[in-house]
Amino acid sequence: MEELDKSCEYLSGVCPVWCPGCGYYGILSALVEAFADLKLPTKELTLVSGIGCSSRLPYFVKAYGFHSIHGRGLPIAQGVKTANPELTVLAVGGDGDGLAIGGGHLPHVARNNVDITYLLFNNAIYGMTKGQFSPTTTLYPVTKTSPFGLAGEAINPSALAIVYGATFVARGFSVKKEHLKELIIQGIHHRGFSFIEVLASCSSFNTTDMNVARIVKNLEMIPEDHNPEDAIEALRLAADQEKIRLGVFVRNQRPTLGDKFQEMRRKAKGKGAANMEALLGQFA
Amino acid sequence: MQSDLVLRVAGESGEGVITIGETLCKIAAREGIHIVTFRTFPAEIKGGSCMIQVRLSERRIPYHGEGVDFLVCLNQDAVDENLPDLKEHGVLLCEAECDLPEKNPGWTAYKVPFDRIATREIGSRISKNIVVLGALSHLLSLPKETIEKFISEKFARKGKTVLDHNLDALQRGFDFARSHLAKKDSYRLPKGSGRKRLLMTGNEAIAIGATAAGMRYFFGYPITPASEIMEWLAAHLPKMGGVVLQTEDEISAICSVAGASWAGGKSMTSTSGPGLSLMSETIGLLSMAEIPAVIVDSQRGGPSTGMPTKTEQSDLLLALYGSHGDATRVVMAPTSVSDSLRVTALAFAVAEKYQLPVIMLVDQALSARLETVDRETVERLPQGSRSCASPADGAPFVRYQLGGSAVSPAALPGTQGGEHMVTGMEHDERGNFACDEETHTAMTVKRFRKLAAIESDPLVAEFCTRLGDENSEVGIVTWGSSAGPVEEALAIAKGLGISAQAIIPRILNPLPHQELKTFFGKVKRVIVPELNFVGQLATLLRSTYRIPTIGLTKVKGVPLAPSEIVEKIVEAESTLNARSTRAYGRAG
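**Thoughts on the nonpolar core**
Step number 1: With 87 residues, the main nonpolar core has Phe193, Phe195 and Phe249 of chain A together with Val477, Phe520, Leu537 and Leu541 of chain B as its most contacted residues.
Step number 2: No other element matches the 8 residues that helix α9 (residues 250-262) of chain B contributes to this core.
Step number 3: With sequence-adjacent residues up to four places away left out, Leu541 of chain B is seen in contact with Val477, Leu511, Leu516, Phe520, Val528, Arg546 and Ile547 of chain B.
Step number 4: Judged by nonpolar contacts, the second largest core, of 52 residues, contains Ile208, Met215, Trp232 and Ile507 of chain B.

Structure follows, in structure tokens:
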């Protein structure tokens, strides 16, 4: 009971706009419980989002929240972390936000290894605009904007993040809240860009792709002996067509964007004094 | 002796044309001479014709000069392309093998075998430009020791052989000129005050202004003609503890700026028209969420890819209105390199103080031109900072307070008790989404009240200047780099006995209404010179003040010439004198 109270301290009091039965409630629970476990001070907690049902999450959490524009949560989070590295920065967004309109930012935030945690809520549909296909729609091909079927193949978010070089890649499921909470804790602990795909069902517009029964039937935990530094094996697991793998695919260490900035500052210091007078010298 | 010299060096890109011009500038700036330059860039990456025009003067000058006094041509194409711009009694210094037209209106021509001296005598074809400098130093009585010192500085790190070649080249050029060319003209370097001036381009001035204003977070995407801003900052901002990140596109750049600025860092991006188009949506977000940001747009020619290496002032309407909804933003436009330094600092002061995006418009010609800047300019820059709250513990933080000042104190992430939402959605005082009738009206009014407050802020008072005869009935309103040719045109018109006056606002949104209304009350003709086709400032003035305007527009990729403006002044003056019933020229 005490633990529940602690996680409730991370709720803002604003009532979620999500539909009854939405998978996102489970993600919100896992998230605030992870914050409580980590004892993160709310003043240092920063949530950045784009547009869509999932992107509404920051309103419901007691933290510094930035609900921005469609697809742009990641570069905004990159800016926040750059200007204040002390903050714990999370980005949240949906499959349309992160893989369609904002799909161009993911490879770069991943290769920059920005020290943030990104939760991609994958419900394989555009829920906020009421039922158009998304880049991850597969089993529910007839949507409002694809009455005669889908034109393109679906994207596998975790596989993509692995290929883009994210240093932490995991997949969770909104129904498995304790497991998801652990993934979020690991993601926040990880120094570098953490990508967590969270499968969640849209109770209003697509219960096929992320059908809870289907996922439960097909899911399989990533074997404990999987080496998270083995990106090829990680990719094989993430891209598995037969089984839906949950757990940590990739975990490895390399310098973060913040580390690189520090290195640049150090190298630049050797190239001249740090004052305006010295900078103006080159124009004299 | 003349107090002013317009010198142009022309040749093929890669021949060292720009180095000759820049060396002259550097030497002159150290002598305390005032300089304004203009240079063209070939569209090709390598090769293609290019030129640099340098105007040197004993007094402050607003423009790079119309008509060339002293023309230096490194090849036949350069002669053919540039000779028409040489003044009747001007001087031509060219490669010995160039053919000159038989008809000579009164030029003095000097020929020097630059190629032969460089290739045969020195054995280094690329030192040709230094041979030219040597010849110039004799013909214009340049201080040769200063040039030697400059060359030593420039080539020292390239090793002794290269340095020796170049010093040899300078000497041989000088010797050839002294023994073969009898000085027949009277042109020489104008006298300097001896007070050393700084020499920088518009892009460098923007980078310096931003650094001096405390900007430490720069995100950008390479684009001509703005890239040099990011390049300079990449090399120097880290020394000051700042960072520069080249992002994957302009959207990422402006969004990273939004994030860094929300977190409390003074942040900026620079781009050109195509990038500003991409940033439009985020400008609306910055306006809505009330986050400071400075966006520099160095305008180039035409829509779409247009003419990347040519100049134009055709992004004004995009800067004013780009982005959907009623999105508040401030638009500024400096007129010169020195002004760019001041207006960049002003952009940060206003952005931070009023928590909104500021778009600063420059253009290719201003970005690329070298100009002398007084050191004091850097010491007297406008300052302004963000108002930050000390939230009371317990009560929810009110980020967007209604009533009272239009600007509500911010709580930067990390501040105890300041947790709140910022959002691109319409929101209530706490930042929670709200789309009821009252809230949207009240919040829209709040955001627009900031513009009214800026207009009357003493911070911006000195950023609208008046030129010319304050009693004249012929008025000119112009913006950005077109102010230079206008100032020059006023002086020329005065010489012809025609009076005119001009007003040059550096802030185009919000417009300085008081100053403009007073101005329009005095003048009977309003000429609006600008570098675009539709007359973008004229459109704004007509719709805001319901006044007829006489448009003077140009889309040739080059700055306005003072003579083009003088012609309009003369025309306007004649309609006044004739008391014609058709008082105004065709609007637009």
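**Some points on the interface of chain B and chain A**
Step number 1: Of the residues lining the interface, 58 residues belong to chain B; the matching set on chain A comes to 49 residues.
Step number 2: Taken together, both faces of the contact between chain B and chain A bury some 4600 Å²; the carbon and sulfur share is 67%.
Step number 3: In terms of surface lost to chain A, no three residues of chain B exceed Lys239, Glu248 and Glu419 of chain B, which account for 15% of the buried area on that side.
Step number 4: The closest approach of N and O atoms between Glu277 of chain A and Arg375 of chain B, which form a salt bridge, is 2.6 Å.
Step number 5: The tally of links from chain B across to chain A stands at 25 residue pairs in polar contact (both at pLDDT 80 or more).
Step number 6: The greatest single-element share of the side of chain B that touches chain A, amounting to 8 residues, is contributed by α9 of chain B.
Step number 7: Classifying every residue of the side of chain B that touches chain A gives 29 nonpolar, 19 polar and 10 charged.
Step number 8: The pairing of strand β2 (residues 64-67) of chain A with strand β15 (residues 421-423) of chain B spans 3 bridges and is classified as parallel. Each residue of the ladder has a partner; that of Phe66 of chain A, found in β15 of chain B, is Val422 of chain B.

**Remarks on the sheet that holds strand β9 (residues 243-246) of chain B**
Backbone hydrogen bonds are what pair the strands of a sheet, in a parallel or an antiparallel way.
Residue and element names in this part refer to chain B.
Step number 1: As summarised here, the arrangement of the 7 strands in space is β9-β8-β10-β11-β13-β12-β19, forming an open sheet in which the pairing is mixed. Where the open sheet ends on each side, the last strands, each with one partner, are β9 and β19 (507-509). Sheet twist, expressed as the average angle between the axes of neighbouring strands with direction ignored, equals 20°.
Step number 2: Looking at chain direction, strand β8 (residues 217-220) and β9 are connected through 4 bridges and run parallel. For Phe219, the partnering residue across the bridge sits in β9 and is Leu245.

**Some thoughts on the sheet that holds strand β20 (residues 525-530) of chain B**
Residues and elements named next belong to chain B.
Step number 1: Pairing is mixed in the open sheet, where 5 strands are placed in the order β16-β18-β17-β20-β21. The two strands at the open ends of the sheet, each matched to only one other strand, are β16 (464-468) and β21 (550-553). For this sheet, the mean angle separating the axes of adjacent strands, direction not counted, is 20°.
Step number 2: Relative to strand β18 (residues 501-505), strand β17 (residues 474-477) runs parallel, the two being bridged by 3 bridges.

**Here's the deal with empty space enclosed by the protein**
All names here are of chain B.
Step number 1: One pass over the structure, following the stated rule, counts 3 cavities of 30 Å³ or more.
Step number 2: Its volume calculated, the largest cavity comes out at about 80 Å³.
Step number 3: Surrounding the largest cavity, Thr37, Phe38, Pro62, Tyr63, His64, Ala365, Arg369, Ser481, Gly484, Pro485 and Pro559 form its lining.
Step number 4: Secondary structure elements with two or more residues in the lining of the largest cavity: β2 (34-39) and α16 (483-495).

**What about the packing of helix α3 (residues 114-122) of chain B against helix α4 (residues 128-139) of chain B?**
The axes of two packed helices give the description: the angle between them and the distance between them.
Residue and element names in this part refer to chain B.
Step number 1: The geometry of α3 relative to α4 is characterised by a closest axis approach of 8 Å and an angle of 115° between their N-to-C directions. Of the two possible hands of crossing, α3 and α4 adopt the one that is right-handed. Between α3 and α4, the residues in contact are Phe114, Asp115, Ile117, Ala118 and Ile122 and Lys128, Val131, Val132 and Ala135, respectively.
Step number 2: Here the contact of α3 with α4 is composed, by residue class, of 7 nonpolar, no polar and 2 charged.

**Structural notes on the domain arrangement of chain B**
Residues and elements named next belong to chain B.
Step number 1: The domains assigned to chain B are domain 1 (4-180), domain 2 (199-379), domain 3 (387-455) and domain 4 (463-578).
Step number 2: The straight-line distance from the C-alpha centre of domain 2 to that of domain 3 is 26 Å.
Step number 3: Taken together, the contact between domain 2 and domain 3 spans 17 residues of the former and 24 residues of the latter.
Step number 4: A buried area of about 1800 Å², summed over both sides, lies between domain 2 and domain 3, and 63% of it is on carbon and sulfur atoms.
Step number 5: Contact with domain 3 buries area across many residues of domain 2, yet Trp262, Met288 and Glu290 alone supply 37% of it, more than any other trio.
Step number 6: On inspection of domain 2 and its partner domain 3, the count reaches 2 salt bridges.
Step number 7: Between Glu290 and Lys446 there is a salt bridge, with its nearest N and O atoms 3.0 Å apart.
Step number 8: On inspection of domain 2 and its partner domain 3, the count reaches 8 residue pairs in polar contact (both at pLDDT 80 or more).
Step number 9: Elements that contribute at least two residues to the side of domain 2 that touches domain 3 include exactly α10 (273-289) and α12 (337-354).
Step number 10: It is α10 that provides the largest number of residues to the side of domain 2 that touches domain 3, a total of 4 residues.

**Brief notes about the packing of aromatic side chains**
To describe a pair of aromatic rings, one takes the distance between the centres and the angle between the planes.
Residues and elements named next belong to chain A.
Step number 1: Within the structure shown, the criterion is met by 13 aromatic pairs over all chains.
Step number 2: Pairing Tyr118 with Phe195 gives two aromatic rings, centres 5.8 Å apart and planes at 70°, and the pair type is edge-to-face. Separated by 77 residues along the polypeptide, Tyr118 in strand β4 (residues 117-122) and Phe195 in strand β6 (residues 194-199) bring together distant segments of the chain.
Step number 3: Three or more aromatic residues link up through ring pairs in this structure, and these residues are Trp18, Tyr24, Tyr25, Phe60 and Phe121.

**Details of the side chain of Arg171 of chain A**
Residues and elements named next belong to chain A.
Step number 1: The residue Arg171 is located in strand β5 (residues 168-173) in this model.
Step number 2: Separated by 3.1 Å, the side chain of Arg171 and the backbone oxygen of Ala238 make a polar contact.
Step number 3: Excluding residues that lie within four positions of it along the chain, Arg171 makes contacts with Asn156, Ser158, His179, Leu183, Glu197, Leu199, Ala238, Ile244, Arg245, Leu246, Gly247 and Phe249.

**Details of the pairing of β20 of chain B**
Residues and elements named next belong to chain B.
Step number 1: With 6 of 6 residues buried, β20 lies mostly within the body of the structure.
Step number 2: Burial of the side chains of β20 extends over both faces: Arg525, Ile527 and Pro529 are buried on one face and Val526, Val528 and Glu530 on the other.
Step number 3: Pairing of β17 with β20, which is carried by 3 bridges, proceeds in the parallel orientation. Across the sheet, the residue bridging to Ile476 is Ile527, located in β20.
Step number 4: With helix α18 (residues 536-545) bridging β20 and its parallel neighbour β21, the resulting β-α-β unit is right-handed.

**Some words on unusual backbone geometry**
Step number 1: With an omega dihedral of 5°, the bond running from Thr224 of chain B to Pro225 of chain B counts as a cis peptide bond.
Step number 2: Relative to the helices and strands, Pro225 of chain B resides in the loop between β8 and α8 (227-236).
Step number 3: Following Asn509 of chain B, the chain continues to Pro510 of chain B via a peptide bond in cis, the omega torsion being 0°.
Step number 4: Secondary-structure assignment places Pro510 of chain B in the loop between β19 and α17 (513-522).
Step number 5: A positive phi angle is found at Asn113 of chain A, which is not glycine, with a value near 55°.

Rules used throughout
- Residues numbered from 1 in each chain as written.
- Chains lettered and ligands numbered in written order.
- Predicted model: local features only at pLDDT ≥ 70, side-chain atom pairs only at ≥ 80, totals over all residues.
- Heavy atoms only, no water.
- Core = buried A, V, L, I, M, F, W, Y, C linked by side-chain atoms within 4.5 Å.
- Buried < 20%, exposed > 50% of the residue type's maximum accessible area, 1.4 Å probe, protein only.
- Helix = DSSP H or I, 4+ residues; strand = E, 2+ residues; numbered from the N terminus.
- Contact = heavy atoms within 4.5 Å.
- Buried area = accessible area lost by both parts, 1.4 Å probe.
- Salt bridge = Lys/Arg side-chain N within 4 Å of Asp/Glu carboxyl O.
- Polar contact = N/O pair within 3.5 Å; in protein donor to acceptor, adjacent residues only side chain to side chain.
- Nonpolar A, V, L, I, M, F, W, Y, C, P; charged D, E, K, R; others polar.
- Pairing = 2+ DSSP bridges.
- Axes fitted to C-alpha atoms, helices over the stretch in contact; angles between N-to-C directions.
- 1 Å grid on protein atoms, 1.4 Å probe; cavity = no way out; pocket = protein on both sides within 12 Å on 5 of 7 lines; lining within 4 Å.
- Points joined across faces, edges and corners; volume = space filled by probe spheres on them.
- Left-handed = near helix turned anticlockwise from the far one by under 90°.
- Domains from an automatic or database assignment.
- Phe/Tyr/Trp six-rings, centres within 6.5 Å; stacked < 30°, edge-to-face > 60°.
- Right-handed = clockwise from strand over helix to strand, strands pointing away.

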